[in-house]
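Fold and geometry: a report
Single-letter residue listing:
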Amino acid sequence: MEGLGAVARAQGRYGEAVRLLGEVTRLESASAAAWAALADSLLQTGDLDAAGRAADKAAALDDTLVWAWSLRAQLRLLRGELATAVDILDQGFRKTGHTALLGMLTQHSRHI
């Protein structure tokens, strides 16, 4: 079912992806990647609150999952919370050491 959710996301059918990935997270509640995929799909549908909860769950399950840190920061940016987004990126970079987060951190730090 996770594969079907990925296909729906790839084809831009985010509502269907939310339904499928919601089922996946119910069946595999410890899958950080499934929670991140759900968060991303929810973000695409505009449900920022639910996307935030799913991204937080993904990060709680795997604090080295770069995707979860990125999603959490993107959601804060969409809410106009630039300083919080920068803090999240900083924390994520410190946890993961992934340069993608460092690049995002550098880009957004210029606007504070």
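Reference entry: report on the structure contained in this document. This is a predicted model, so every value here is computed, not measured.

1. With respect to the nonpolar core
Grouped together as the largest cluster of nonpolar side chains are 22 residues, with contacts concentrated most on Leu38, Leu42, Ala54, Ala58, Leu65 and Leu71. Looking at this core, the elements that each hand over two or more residues are helix 2 (14-27), helix 3 (32-45), helix 4 (48-61) and helix 5 (66-78). For this core, the element with the highest residue contribution is helix 3, accounting for 8 residues.

2. Concerning helix 4
In this model helix 4 runs 20 Å from its N-terminal to its C-terminal C-alpha over 14 residues, within 8% of the 20 Å that 1.5 Å per residue would give. Restricting attention to buried positions, one finds in helix 4 the residues Ala50, Ala51, Gly52, Ala54, Ala55, Ala58 and Ala59. Considering only its buried residues, helix 4 is in contact with helix 3 and helix 5.

3. Topic: the packing of helix 2 against helix 3
Packing of helix 2 against helix 3 brings their axes to within 9 Å, and their N-to-C directions diverge by 155°. Here helix 3 runs roughly antiparallel to helix 2, going by the angle between their axes. Note that helix 2 runs across helix 3; the crossing there is left-handed. Where helix 2 abuts helix 3, its residues Tyr14, Gly15, Ala17, Val18, Leu21, Gly22, Val24 and Thr25 lie against Ala34, Trp35, Ala37, Leu38, Ser41, Leu42, Gln44 and Thr45. Here the contact of helix 2 with helix 3 is composed, by residue class, of 10 nonpolar, 6 polar and no charged.

4. Topic: helix 2
End to end, helix 2 covers 20 Å across 14 residues, agreeing with the expected 20 Å (1.5 Å per residue, within 8%). Along helix 2, the positions that sit buried rather than exposed are Ala17, Leu20, Leu21, Gly22, Val24 and Thr25.

5. Let's talk about the side chain of Ser41
Looking at where Ser41 falls in the secondary structure, it is placed in helix 3. Accessibility expressed as a relative area gives 0% for Ser41, which makes it buried.

6. Quick look at the pattern of salt bridges
Scanning the entire structure with this criterion turns up 8 salt bridges. Two residues, Glu16 and Arg13, come together in a salt bridge whose shortest N-O distance is 2.7 Å. What makes Arg13 partly exposed here is its relative accessible area of 33%. With its nearest N and O atoms 3.1 Å apart, the salt bridge here joins Asp63 to Lys95. Of the two residues, Asp63 is situated in the loop between helix 4 and helix 5 and Lys95 in helix 6 (residues 82-96); the sequence distance between them amounts to 32 residues. We classify Asp63 as partly exposed; its relative accessible area is 32%.

How each quantity is defined
- Residues numbered from 1 in each chain as written.
- Predicted model: local features only at pLDDT ≥ 70, side-chain atom pairs only at ≥ 80, totals over all residues.
- Heavy atoms only, no water.
- Core = buried A, V, L, I, M, F, W, Y, C linked by side-chain atoms within 4.5 Å.
- Buried < 20%, exposed > 50% of the residue type's maximum accessible area, 1.4 Å probe, protein only.
- Helix = DSSP H or I, 4+ residues; strand = E, 2+ residues; numbered from the N terminus.
- Expected span 1.5 Å × (residues − 1).
- Contact = heavy atoms within 4.5 Å.
- Axes fitted to C-alpha atoms, helices over the stretch in contact; angles between N-to-C directions.
- Parallel < 35°, antiparallel > 145°, perpendicular 65-115°, else oblique.
- Left-handed = near helix turned anticlockwise from the far one by under 90°.
- Nonpolar A, V, L, I, M, F, W, Y, C, P; charged D, E, K, R; others polar.
- Salt bridge = Lys/Arg side-chain N within 4 Å of Asp/Glu carboxyl O.

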